[in-house]
Every structure is written in C-alpha cells, then in structure tokens.
Protein chains: 2
Amino acid sequence: MTHYIDSGKRFLLDDPTLVPNSAGYLWNKKMMIHVNCQGYAVAQYMNPEPKKYAHNPNMAATSFMQPEQPYFAHHPGRFFYLRDDESGEMFSAPFAPMKKELDSYQFLPGLNDIKWHIKHLGIEMEMTLTLSADFVAELWKVKVVNRDSKTRKISLVPYFPVGYMSWMNMAAHYDETLNSIVCTSITPYQKLEDYEKNKHLKDITYFACDVRPTHFETSIPRFEGQGGLHNPTALQQGSSLSDQANYYEMPACIMQFALDLQSEEEQEFNFVFGPALNKAEISHTLEQTLGANKNQTIARYKSYIESGKGVLQVSTPDKIFDQFVNNWLPRQVFYHGDTHRLTTDPQTRNYLQDGMGMAYVNSQETKQVILTSLSQQKRDGEMPDGILLTPEAELKYINQIPHTDHSVWLTLILEAYLNETNDWALLDEPVPWEDSDEKSSVLEHMNLAMEYMCHARDERGLPYIAQGDWCDPMNMVGYKGKGVSGWLTQALSFALQSWIRQSCGVNHSEKIDQFQKTVDELAVIADEYLWQGDWYARGITDDGVTFGVPQDKEGRIFLNTQSWAFLANMPNEQQTARMLKAVDEQLDTPYGVMLCAPAFTAMREDVGRVTQKWPGSGENGSVYNHAAAFYAASMYNIMQSDRAFKTLRKMLADPENESFAQRGQLPVYIPNYYRGAYYQFPETAGRSSNLFNTGTGAWYYRLVIEELFGLKGCQQGLVIAPQLPSDWKHAHVLRQFRGATFDVEYQTVSSDSEAGIFVDGNRLSSNVIENIAAGKTYEVIVRIFHR
Amino acid sequence: MTHYIDSGKRFLLDDPTLVPNSAGYLWNKKMMIHVNCQGYAVAQYMNPEPKKYAHNPNMAATSFMQPEQPYFAHHPGRFFYLRDDESGEMFSAPFAPMKKELDSYQFLPGLNDIKWHIKHLGIEMEMTLTLSADFVAELWKVKVVNRDSKTRKISLVPYFPVGYMSWMNMAAHYDETLNSIVCTSITPYQKLEDYEKNKHLKDITYFACDVRPTHFETSIPRFEGQGGLHNPTALQQGSSLSDQANYYEMPACIMQFALDLQSEEEQEFNFVFGPALNKAEISHTLEQTLGANKNQTIARYKSYIESGKGVLQVSTPDKIFDQFVNNWLPRQVFYHGDTHRLTTDPQTRNYLQDGMGMAYVNSQETKQVILTSLSQQKRDGEMPDGILLTPEAELKYINQIPHTDHSVWLTLILEAYLNETNDWALLDEPVPWEDSDEKSSVLEHMNLAMEYMCHARDERGLPYIAQGDWCDPMNMVGYKGKGVSGWLTQALSFALQSWIRQSCGVNHSEKIDQFQKTVDELAVIADEYLWQGDWYARGITDDGVTFGVPQDKEGRIFLNTQSWAFLANMPNEQQTARMLKAVDEQLDTPYGVMLCAPAFTAMREDVGRVTQKWPGSGENGSVYNHAAAFYAASMYNIMQSDRAFKTLRKMLADPENESFAQRGQLPVYIPNYYRGAYYQFPETAGRSSNLFNTGTGAWYYRLVIEELFGLKGCQQGLVIAPQLPSDWKHAHVLRQFRGATFDVEYQTVSSDSEAGIFVDGNRLSSNVIENIAAGKTYEVIVRIFHR
C-alpha cells in the first residue's frame, strides 16, 4: 500500500480511510504550512507574532501548535472542486471536502514541494504546492488534463475559505487589476495602544491567478448555502458563481474556470494565496510569483531548502533509515534552526537545541544562537526561561514559569559547535549581559552559568527544581523552594563534565578543580538520596517525599533519571544491569521507550504535575521522542550500540509494524511523541502526535553523525569511533567536515587483527584523522570486529 | 409562510432555506442557551466566569457573545438521527446536519420551552427543550410516533457533540449506574495559581437518558469517520455504534435506541445534557430531572419564567405589537435583569439599565442594582466602568477603557425605580464607598456622582470624553485629555434635570440651584459650540476639530446628539424642525434610524473610532436599537407620538416588509442592531445581528408603559398621559401598579369636550389617580381627542 520514491514520499490511496492524517510541511523563515493529504492545512506566519491568514469559521484561541490536531468539515482547507458542466457530476481534489472515492490518488510530500496526482471522471489533475524563500505566500500550480477520448466541458473551482477573520471588520471583493480575490479585515482591539500595533499587521488575505476566472465568489455562506461543503449550493444544477463582493460575511476565495478541453488537451493554472499589508504588497509579490520571475522564485526556494541538506549522506542495510537520514532528518533540523518554530520567545532550552542542530547544517547560525542567548543572561549567571528574538517580544505561556535547567543546555550546544567548527576564538568573544552594560567573554559567561547552577542546591547538595525542569509534567514539586530534582543532579554533572572537557585548556585550573569536585560530589549524593530499588528516583518534593521509586503506583520509574545517570557516568556495572532491566521491563514498548510509567491518571498532590495531560499523550507516560533520543545517547555512552540503534529506529515508526503502516505514519518528520501508557491504554498506544516541533531532530542528527557513525570533531581533527548495530555487515557514508569530504566505508571483519582505520590506503595509528585539508576528499575504510 | 400562535411563535418550513437563522433562547440565573431552528446551539454558563460545556472542534477564543454568529457544519449542535433499520434510509432532526427536506417541519420557540414537530419517512417526532430553574442542564424530551400503517424498525440516535474540551486532557465513557455518557476533561493551565482555580470548575459534560440505550458511542472521529456529519460512517449499512470509551479524542454523547414500533405506537425519551463537577453532582441532578421529581422541576422552571411576566397586558389594533409586548418583551427584560447577560463584571451602563427594566418585573432587584453600584463608587463621586458581581470578578474587555458617562445612567434608573415604587426611603439608605469605610446616604452618593460629572468639564464648560462615552465607536476623541463630547453635554443636562425632579423635595436648595445653573449653562454652551448647520455636532477632538457636522463626508450626523438634545429640552421650535428633517432625510430607513451616517468606511485619525467596525454593523452606522429607543423617547418628549411609535415598531421587523419576512426574522427578541449604512450598502441593510444582549428592551418597556400608554408613577399616584399613534381608534391595557390593577380603556373621541379621564365612572379633575389602594382594580377610561 505504501511506496517510496527518491526524496519524496508517496501514498497510494487505495482506501481513503487508511491515511486520513498523512501530511507534509513546508516553511521559510517567516511562515510554515502543514498540509494533509485530504487538502486541510494549518499555516502560520510571523507578523510579528504568529498569525493566520486562513481562519476557522469561529474565533480561534491563539495558542502554541497543538498535537493530534483535529481536522473537521470546516477546518481551513485548499480545495478544488471539479465539475462536469454537462452531466453536473462533481468531485473535490485532493480529497476533502466531498471525499469521493477517486479512480486514482497519489499524495507526494517532497522536500520543497507537496504534490497530488489525481484521476477521476476521465480528468487528470496534478496539484503542486510550494513556498518562496522571500515571501509569505503559498504558490499553487494546478494542471488539468482531459484524458477522455472526447471533448469535455468542465469547471475547475478552487475554494480557499478564509474564515472568521475578525468580528470587527471583514469583507472580500474581486480586484480586476490584481486578478485576485482580496479579503480585508481589521484585527479587533479595544485598547488604544493596540490600535497602533495592529496598524502594521497584514490584515489582508488574497488569492491570485495567472488566468482570468469565468466567475468568482467571495462569501462562504453564499457559496455553501444549505447544500454544505460536500454539495455547495452555488455549484448545483449547472449554476455559476455570483460575481458578488461580500460585506461582513465569512470571506472565501473562490474562482470558477469554465474549460472546454479537447481529448488530451491540458491547461495549467498558477495561484498565489497569502497575507498582505496592502495592495501594493500584493502587486509586488505577484510580479515575482506569477510574472516573468516566477521560475527564478521557485528555483530560489528549492535552493534555499537544499541549503539545509546537512553534512551526511549514508548508505546502510536499512534503506528506510537511509532515506530518512539523508533527506527528511536534516530538513527537520533545518526547519527548527531556521524558523525557531515560528516564535519570538522560544524557550531557552528549545532555542539552544534547535541551534545545536544547525551546527551540522549552517554553523554560523549556531554561533549566533550562542551569542544571542548569552546576551540575555543575568550578571549573576542565571539564564532566562525564554530568549527574546525581536524588540517587541515578550515571555509567554510556559516561559512565565520558573525552570532551573537552562544552563545545562548551554554547554551541550557549545560542545557540538566546537566539535564541528574548532572555532575556539568564540570563547574569547565579548558579550554583554541582560542587566549590565559591561561585556564579558563567552568563557566567563559560561563559567558563571555553571557556577549559578552549582549554587542553586540545597544543604544536601541536590539542585532545586522550583516550578520545573526539563521534559517534565511537573510544576509543583519544588514551588515552595525546597523540592529538588533527581534529573538535574545528573544533568548538572553531565553539563559540568562537558564544560570541563571543553574548557580545560583555557580555563583557570582552580575553576576546573572546583567543577570536578562538584561532579564527584554529585555522584555520591545521587547514590545516597536517589538510588532506590533498581533505579534512580526522579526527585524529592517540598514535603520531603521521594518519588519515581519502586513503591509508587504511578510515575514509578522515569526514563530521564536513568538515561542521564548513564550520561553522567554515575552507575556502576551492577547498577547499570539493574537499570537496563527495569527500563526494558517497564518503559520499553514496540513504539519506543516511555518517559515514565505507569502514566499518572490523576494529580498526585504531593508531586504536582504542571499539566494533567492525558495519560499516554504529551509528557505523561508518552513515548516522548526527545527523551528517547537521550536514552539512545546514554546507550552509546555505555557502548550499548544495539539498544541505542533500536531506540532511534523506533522513532521512524517501523513499517514492519502493522499498526503504524495502517495509519500511513512513516514519518516525513519525527513527531514529538507517540502515545504511550502502553500497558494502561494499549488501544491507543503508538499514535503519532502529528506535531513536528521537537528537539528530537537535532539530537538524532548529532547521534547519527557523532556516535552511530562515530565521526565527531575534536581539536586535532576528526575522531573515528563508530558504534554500528551488530547486524550491519557494512555501511557507507559521505561526511562533510571542516571543508573536507570524508568518504567512509565501514566493513565488519571476522577477527580483531583485521580491524583498523585506513585513510587513503594508510592505516591510522590512532582513531583521529589530523591536519584536515579543506577541499580534499579523504577515502576512509573502517574495519570493525564485533566481539 | 409565517404564523403566530399564542405565546409561542411558529415557523413552517416550506422551504428550509428561508429561515436558516431563526432561533429561540432560554435561560436561568446561571446559564443561557440560544438554539436555532436547525439544531445548532450556543450555550454558556457561569463557573464562575462564562464557560461552555459543548465546544467547537477546535480551541475557541473566549470572548463576549458575538453578533451575526455563524453556524457551520461542526458547530456544536443537538442532533437526532433517525434511521430506518430495514431500508437504511436516514434523516436528521430537527434539520441539521443532514438537512434533508422533510415532509413537515415546525419550529416553535416558546417562553419557557423550544419545540419542534417533524414528520418524515412515516415517523413523527416531537422534540422539546427546556431548562430548570435550579440546575445548569438542558432537559430534552423526544417523542417518536410511528404514523405508518405497518410496524417499523428504526434507530433513534441522539448526537450531542461535546467537541474540543481541552488540549490537556479529555475522554469519554459510558457510566452504567448513571445511564450516561460522561465526558471528562481538565481545563488547561500552566501557572500554579491557575491549578487551584481550575479545580473548582465543572470540567465534566454528561448526557443522561431515562431509557437504556441499545448501543453507544463516545468519539466524534469514530462516529463520523470519512462519511462526515451528513452521512456518519458509524450509521452506514445498518451498523451499530461501537460501545467503546474514548481516550483523548474529541468526545461526543451518542446513544442508539433500536425501536420496534407498531403502527401508531409511540415512545418517549427524556435526556439531560450539561456540565458537572463530579459524578455525585450528576447523580443529584438526575434525581431531580429524570426521577420522580421531574415534573415538579419542569413546572418550577415554567413558574420561574412566569415570574418575569411584567406589569402590562395590552390589546391594540396592532396584534403583532401586542404579542411582542405581552410576552416576548418582558421576557427579554427579565433575562437581562436576572442574569446580567451572564457576566461577572457587567459594564456599569448595562448593569444599571438592565436593572432599570426590572423595576417593571421585580423592583427589589432594581433596588439591589442601585445599592450594589453605589457601593463601588469612589468617595470623590466617580463611578467605575464595570460593576463587580463576585469576589473573584475582574474588569475585562471594554471595562478597562475609561469612559465618562456612567453617572448619567444612575439618575435614570433611580427615577424609574422611584416612579414605580414610591420608595423614597431608599434615598436615606446608608451605602459604603469603594475606597472608604464610611457610609453615606444614597442622596449623598447621587449628589457626588452628579457633581463629579459637572466638574469633569473643560474651560468652555463642555464635558470631557476621555476614551469614550456611550454607544460610540470612538475611543480616540479625547484620550489626550482635551477632547469633549457633544452627547455628554446633553446627557449631563438630561441627567441633572432628572435628578432635580427626583431630589427637589429632599435635597439642599443650594445644591438644586447649583444643578439648575449647570443645566442652564449647558443649553447655552451646546448652542454656542455644537450647533452647526441644522443639527448638533457629536464632539470636539483633542486637536480642536468639531465632528458630526455638515461638512464631514462620513459620520456627518449622529442620532444621539439629536435625540438627547430633545430629551434635554435644548432646541427651540425652529431648531427642532430642522433637526427632524435632517434625521428623516439622513438617518431614517425602512429598518429604523441609524446611529450615524454616512457610516465610516475607514479610520478618521482625528476622530478615532474605538472599533473599525464594519460599516453598517455593530456601532458604525447601524440601526442600533438601543440608540433608536432613545430617539423614540425623545420623540415622546416633544409630543411626536407617531414618529415615536414608528421608531419602536420598526424594531419588531415589520412583517409587511418583505425582506424581513423572507428571513423569518419577526423577533422573539429585539436584536442589538439591524445592519445600517442603508445608502452605502443597501444589499445588506436590515440584517439582524441575531444577538439579544442589548439595553433596548428595558427602555422599550419603560417607554411603552410610561409614554405610549402614559401610565407613569409619581409621588401622588399614577399619572395618565398617553401618546397613542394617531391612527389607533382604541386600545385596552391591564397595568399592575403598587399592588393595584388598572384596567384602562383608551378611546378616541371627535371633540375636545368629550375628552377626559374617568375612574370607576367618575371624571378625574387632574390626570393623576391618587390614593391608590393595593389589591383594588380600577376601571379607567381615557377619552382622547386628536387635534
């Protein structure tokens, strides 16, 4: 049922019910669109905050992107009705809203476009959506071909509902000069000061075509009438659209093209749909997107997306893995680093990790992220909960809740950047502070960030959790100022070890000693206060209750306090074995490892979850892929390469797994979660959130490059230390690194004596390729002996 | 096409497209439901702020009730599918979502229930919705009768979608003990303090029946499948519902009753739908609504609604007017005064006027409104923008914008209360202040309120407008502290005249003199600064620009500065004639008088509208009925009784007017506006907002009682001073007043000498019936001679 093509993905819709939620997404720096195979779409753009140009039919609340977002009859869509003007027969493409079974149907999300091929009633349609690198606009191309043996009279009717733009003022009309439907509105306000802000918003939505329509319509209620979306009154009984403007009804962009096509004759239409401040802006955009520069504009978007292709091309025995890592993974990483998930105040943690991914795509961006973040650090070393990217931006949502872990991520991103670029000069760069005009070096910023975290600990040496730390559904563990975090105990150690590695050559030796002393202390403390039964507890509440322990009925074991213990090198061999057994037995599932188990089914007042998220969804016992990525990292850290790869591989929703394949959910991205609570709600476990905003991509890419294929940078050059799955006999990788190309062939050999690393035919004495010459291609052979 | 029945209203749906928006509404103190004839509904309840228990399929923004609210395929509805289980044929009742043409259809909104009678496929259905006086719950009764000559196997499937309850946590299951579908959710929160608040919210929605269902379903996506609302997958091909719980999908309450009905056999079902805190609350509610007490509960709601029947029963040559004034008008007044439009922070202006209407329904409530309002007055006399009704309430939306007119309304409500009750002791009642522990008499509160307004004037004596006054789309006229209001110049005078009338017997004579001096001053000032051309200007901006003047292209003439000039007795005879001509020519339309003309089509930066509302809608050049009511009042003030009645009558959407009748919009309430901009957008002028929240009702009722029929209270008793339309030959009224009943017969006579007022057969020497005895019925004959 499901087939792959090169860099795109194809769904053959034998049965329309099988893949209702399959979706692709496109973006540029200013906008993002998530389009599903039926024709529904979620699009957002920055103006300056996230805003919509195609709305719901009621006032929608402004919120972050939602997981498991439902589509519904009147959800914004991009629909094309096709009517046989002689018989009156009709269908809608790509599928919704009429949802007629079509003679053939293909959905092909690609890297820089999303396509459908459809055939029905003897008419073939090819629809392509792409964006531009420069404009906030959807570019649609629709080709209609008469595959019938006789001449056909048909109407093509694109229906782009614009919806409830504003209760204050909305309307739509046809502009002859622009050959566009122009929907106008005014963003509602009541306070004087909002009027001044709103003036600059793109309150227009328009829809333009390079062919003049036979008729048009501007009103949703007039178009649909009582017939409804599945049978619009305006298209019944051979009627034509009204050619009327609309005053304060829900606007829509609807054009009717009456065509008279001979057998095998085709006609092409190009449409532009998007927001604008005024008609001058529309006119300018259309010149570039429908006019003579159209092809350059489309080519520019293609090369923009190609600029994010990353540093790795792989060929392994696992073709699905190759396909994902070569195409979709760097694309997801690029989307995150390029757009900051379309926010003006990304969470510090997200912003840093999205920036980290860019180290392998465009490392200048990573540097910028580090400098921007540090410039918002307080003079006492504290990092803020969110990073403000524009002068008007404000901390919103979760960024108003105090979290204690932000500086952990600083060291991790910096290490990735230094590994990849060797740009040690960065540590000397002077950077201002949020609350001081003085500038200090990056080194000093980092030292203070680490020291701030070291000080924020209780009398036992355990780090305070306040209202939350990372990846946790809890905000009431430590709000009274006493509760502590088990995870942060380990994460602080891991961050300090990373910072010691990075800075030992340039930092004051007293500082290094001090940090090392804390690392040693934390290991002892973790064993004393957190080790219970066969694993590490998650924390201790304000009231002194240790949780995430064997006697807990819910939230008994947390993945992160095991993964990060491994990353911080805390457990001994015996502990490791017991922890792995506990994770395998209690957290692992066919869909990946769960964040905690059993999922909470109700609030535990002495623990306190920030959310009472549905058990198995969100962060409550789900297969939270971001946490799973750290579990994979921790498995590489203890040389459990098969466990690590299995974890990574499950994120790609194994096509051998029937329940995934049935949903067509072989991802063009890794979703932020698959539903968990596997033992509590087995019926729904494994469902995808269908949400692609997640820190998972960056870590996945880093792990594949640095751990799986073992091609990590260091001061001397490139370290070769692969940890391939034991059943891979061979693999081949092209790795771009510091301007050079490494063509790496991995081979398994049958004895230790055959093992070794060969560069351009010469055996290396260490596992580091030194003195790398930019521009050069290195032929590398890595012979591996699996004991 | 449209017929009336006694206290209900009947729509015969010959053609379903004719009355798509006809709607009725029901309420109790804690909830309100607005149900349209197709089965769509908007319901809100207080918990403690307005909240929904049936949601949209996406996250809806919290807002005030919207005018011209669109219904759409997935709008919350109360739908009943009826399937012939032998043939598979199906329709939905009352009409949506399948929208099949039915054999017969009646929609009957009544005072305390809303009914449908439907017949199709040989099956008759009678559906009744009512509420209870005590619970927040919808009570549905559905009777199904087999009108076929043979036995029929059918399925009745109520489909009550509950929608996107929460992104955090939602689910649904069937509870056997309660025989209910119980949909659970958790209101999302991120901040700790919100958790404590949310704990007390009724986050459950349930649906119970007194008959055990054959099958049930709890999930919207599982029910609809790809078939959609108009053809749900779960009901195709004789299938049964799944009997499954739902985990984190959009919940719905769906039951299937498989029936086997012999010819003429009927079966009745009672359903309860509403929100609850927990299952104990559901259980308690069901005992009272489905159990043995069911009939008492329904009867109690009926008598609750009847308690709002008001003080007037009329019989005139205009039967439609009678029907509205006797039934629907006091009901609309009662709804406003009883629920405060379901807010916790009503605008001061709205709260006072809604309270004023209650003087003619339940005057104790009016007294409470006066005392509550004055207790939130500042010691310096200033009234707040909104009145807080609960300890947790906060000023929201428009109540955060400073307006300068609130005390005007204080005197108007107080005068109505004193007219009706003669309760002069109220003036001595001690009331606290918002910012002082001291208590002062109502008299002193009122004096200070008036003096505060008298002081808030510029060097010319014109009142400041700040960011707004009443019924105006403007908030930038005086935000810099200089702009002044033409309307408030007149309204202040009107308010002072009212206060002088009320308090002259008890107030210090110096105060009375001072107030009278200001009244005299204001008349001179208005003529000097505001009279331009043939009418009074609307105001003068911060920058000294007078607007609402003949040379303005938009907003040239405002209704309120003419109406209130008449109310304040400002224009002389010559001015009056010119003003009336201007109103007739520029503001009057077949749908009523417009608020201003021509409507603004764009922001005028030197005037500044608070909203850039669509021209003709909202407050921008619409037929804003609240303002029109004041125009009617002002016409009574200058004895233009025909103009006054014509204005009132147009609010009832004249059935002789084809464009209203076509839309079936003979109101069961007066909407807050009909669309205006009659000369600019004639296509849409006259459309109803379909929103029943408006101060119009209270004034309409007061005008009908005190001015049209001229039955106004005074200290001595009841003044008789009718101003009937000149073409009424007779009228008859029953008026309840101070415990007595007045049976008043109006007759027109052909000469002045025959005119006079007769009470129990005796001619009155004045026009005041004095020494009223409670419990007595007075037979009054009023003989009127029209010159």
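Conventions adopted
- Residues numbered from 1 in each chain as written.
- Chains lettered and ligands numbered in written order.
- Predicted model: local features only at pLDDT ≥ 70, side-chain atom pairs only at ≥ 80, totals over all residues.
- Heavy atoms only, no water.
- Helix = DSSP H or I, 4+ residues; strand = E, 2+ residues; numbered from the N terminus.
- Rg over C-alpha atoms; globule rule 2.2 N^0.38 Å.
- Buried < 20%, exposed > 50% of the residue type's maximum accessible area, 1.4 Å probe, protein only.
- Contact = heavy atoms within 4.5 Å.
- Areas by Shrake-Rupley, 256 points an atom, 1.4 Å probe, with all protein chains shown as cover.
- Lys, Arg positive; Asp, Glu negative; His and termini not counted.
- Charge placed at Lys NZ, Arg CZ, Asp CG, Glu CD.
- Phe/Tyr/Trp six-rings, centres within 6.5 Å; stacked < 30°, edge-to-face > 60°.
- Salt bridge = Lys/Arg side-chain N within 4 Å of Asp/Glu carboxyl O.
- Least-squares fit on C-alpha atoms with pLDDT ≥ 70 in both.
- Pairing = 2+ DSSP bridges.
- Axes fitted to C-alpha atoms, helices over the stretch in contact; angles between N-to-C directions.
- UniProt positions renumbered as here; feature names shortened; annotations may be inferred.
- Buried area = accessible area lost by both parts, 1.4 Å probe.
- Polar contact = N/O pair within 3.5 Å; in protein donor to acceptor, adjacent residues only side chain to side chain.

So, the overall build of chain A
Piece 1. Across its full length, chain A carries 17 helices and 42 strands.
Piece 2. On C-alpha atoms alone, chain A measures out to a radius of gyration of 28 Å, which is about the 28 Å that the 2.2 N^0.38 rule sets for 787 residues.
Piece 3. Its C-alpha atoms put chain A at 80 × 65 × 50 Å along the principal axes.
Piece 4. Across the 787 residues that make up chain A, the buried fraction comes to 64%.
Piece 5. The contacts in chain A between residues at least 6 apart in sequence include a share of 68% that link residues at least 24 apart.
Piece 6. Counting only carbon and sulfur atoms, one obtains 48% of the accessible surface of chain A, whose full area is about 27,100 Å².
Piece 7. Across chain A, the mean location of the 69 positive side-chain charges is 2 Å away from that of the 96 negative side-chain charges.

Considerations on the packing of aromatic side chains
Residues and elements named next belong to chain B.
Piece 1. Tallied over the entire structure, the rule returns 120 aromatic pairs over all chains.
Piece 2. Between the aromatic rings of Phe 80 and Phe 271, the centroid separation amounts to 6.0 Å while the plane-to-plane angle is 50°, which identifies the pairing as tilted. A residue pair is termed long-range when its members are at least 10 positions apart, and Phe 80 in strand 7 (residues 79-84) and Phe 271 in strand 20 (residues 266-276) qualify at 191 residues. For the pair shown, Phe 80 and Phe 271 are each scored as buried.

Digging into the pattern of salt bridges
All names here are of chain A.
Piece 1. The final tally for this structure, using the stated rule, is 92 salt bridges over all chains.
Piece 2. In this structure, Asp 338 and Lys 29 form a salt bridge, with 2.7 Å as the shortest nitrogen-oxygen distance. Of this pair, Asp 338 sits in helix 5 (residues 319-339) while Lys 29 sits in the loop between strand 3 (23-28) and strand 4 (31-36), placing them 309 residues apart in sequence.
Piece 3. Relative accessible area serves as the criterion here: at 6%, Asp 338 is assigned to the buried category.
Piece 4. Judged by its relative accessible area of 45%, Lys 29 falls in the partly exposed class.
Piece 5. Here Glu 706 makes a salt bridge to Arg 702, at a shortest N to O gap of 3.1 Å. Residue Glu 706 and its partner Arg 702 are located together in helix 17 (residues 696-708), separated by 4 residues, close to a single helical turn. Taken as a pair, Glu 706 and Arg 702 share a single burial class, namely buried.
Piece 6. Shared partners join several salt bridges into a network, and the residues in it are Asp 84, Asp 148, Lys 150 and Arg 152.

Re the relation of the copies chain A and chain B
Piece 1. Mapping chain A onto chain B is achieved by rotating through 180° and translating by 0.0 Å along the same axis, at an RMSD of 0.0 Å. The two molecules are tied by a two-fold rotation axis, judged by turn and shift. Residue Ala 61 of chain A of chain A places its C-alpha closer to the rotation axis than any other residue of that unit, at 1.9 Å.

A look at the sheet that holds strand 7 (residues 79-84) of chain A
Residue and element names in this part refer to chain A.
Piece 1. Read from one edge of the open sheet, 5 strands run 8-7-13-19-17, paired in antiparallel fashion. Sheet topology places strand 8 (90-93) and strand 17 (215-219) at the edges, where each strand pairs with a single neighbour. Adjacent strand axes in the sheet meet at a mean angle of 20°, parallel and antiparallel pairs treated alike.

Details of the UniProt feature "domain: Glycosyl hydrolase 94 supersandwich" (unreviewed entry) in chain A
Piece 1. Residues given the UniProt feature "domain: Glycosyl hydrolase 94 supersandwich" (unreviewed entry) here are residues 74-288 of chain A.
Piece 2. Regarding residues 74-288 of chain A, the helix share stands at 10% and the strand share at 47%, and the terminal C-alpha atoms are separated by 32 Å.

Regarding the interface of chain A and chain B
Piece 1. Contacts between the two partners involve 64 residues from chain A, matched on the other side by 64 residues from chain B.
Piece 2. Together chain A and chain B conceal approximately 5,700 Å² of surface at their shared face, both sides included; 60% is due to carbon and sulfur atoms.
Piece 3. Among the residues chain A hides against chain B, the three largest losses belong to Gln 190, Gln 226 and Tyr 247 of chain A. Together they make up 14% of the total.
Piece 4. Joining chain A to chain B, the criterion identifies 4 salt bridges.

Remarks on the environment of Ile 413 of chain B
Piece 1. With respect to the secondary-structure elements, Ile 413 of chain B resides in helix 8 (residues 406-421).
Piece 2. Separated by 342 residues in sequence, Ile 413 of chain B and Ala 755 of chain B have C-alpha atoms that sit 33 Å apart.

Focus on unusual backbone geometry
Piece 1. Between Asn 47 of chain A and the following residue, Pro 48 of chain A, the backbone shows a cis peptide bond with an omega angle of -15°.
Piece 2. When you line up the elements, Pro 48 of chain A lands in the loop between strand 5 (41-46) and strand 6 (50-51).
Piece 3. Residue Pro 97 of chain A follows Ala 96 of chain A across a cis peptide bond; omega there is 0°.
Piece 4. As for its placement among the helices and strands, Pro 97 of chain A is situated in the loop between strand 8 and strand 9 (104-109).
Piece 5. Phi at Asn 690 of chain B is positive, roughly 60°, even though this residue is not glycine.
Piece 6. Tracing the backbone shows Asn 690 of chain B in the loop between strand 34 (673-674) and helix 17 (696-708).
Piece 7. Residue Asn 690 of chain B is classed as buried on the basis of its relative accessible area of 19%.
Piece 8. The backbone of Asn 771 of chain B sits at a positive phi, close to 50°, despite the residue not being glycine.
Piece 9. Among the structural elements, Asn 771 of chain B can be located in the loop between strand 41 (768-770) and strand 42 (777-785).
Piece 10. A relative accessible area of 70% places Asn 771 of chain B in the exposed class.

Brief notes about the pairing of strand 16 (residues 204-209) of chain B
Residue and element names in this part refer to chain B.
Piece 1. Most of strand 16 sits out of view: 6 of its 6 residues are buried.
Piece 2. Relative to strand 16, strand 15 (residues 180-186) runs antiparallel, the two sharing 4 bridges. Its bridge partner lying in strand 16, Ile 181 is registered against Phe 207.
Piece 3. Judged from the 6 bridges that link them, strand 16 and strand 20 form a sheet pairing that is antiparallel. Bridging from a neighbouring strand, Phe 207 pairs with Phe 273 of strand 20.

Observations concerning the side chain of Asn 58 of chain A
Piece 1. Tracing the chain through its elements places Asn 58 of chain A in the loop between strand 6 and strand 7.
Piece 2. Within the structure, the side chain of Asn 58 of chain A is placed 3.4 Å from the side chain of Asn 56 of chain B, a separation counted as a polar contact.
Piece 3. Residues within four places of Asn 58 of chain A in sequence aside, it is in contact with Tyr 164 of chain A together with Asn 56, Asn 58, Ala 60 and Phe 72 of chain B.

Let's talk about the sheet that holds strand 3 (residues 23-28) of chain B
Residue and element names in this part refer to chain B.
Piece 1. Taken in spatial order, the 4 strands line up as 3-4-5-6 in an open sheet, and their pairing is antiparallel. Whereas interior strands pair on both sides, the edge strands pair on one side only; in this sheet they are strand 3 and strand 6 (50-51).
Piece 2. Both strand 4 (residues 31-36) and strand 5 (residues 41-46) contribute to a ladder of 5 bridges, which runs antiparallel. Its bridge partner lying in strand 5, Met 32 is registered against Gln 44.

A few points about helix 12 (residues 560-567) of chain B
Residues and elements named next belong to chain B.
Piece 1. With 8 of its 8 residues buried, helix 12 lies for the most part within the structure.
Piece 2. When we look at burial in helix 12, the residues that qualify are Asn 560, Thr 561, Gln 562, Ser 563, Trp 564, Ala 565, Phe 566 and Leu 567.
Piece 3. Just downstream of helix 12 lies Asn 569, where phi reads positive at about 55°.

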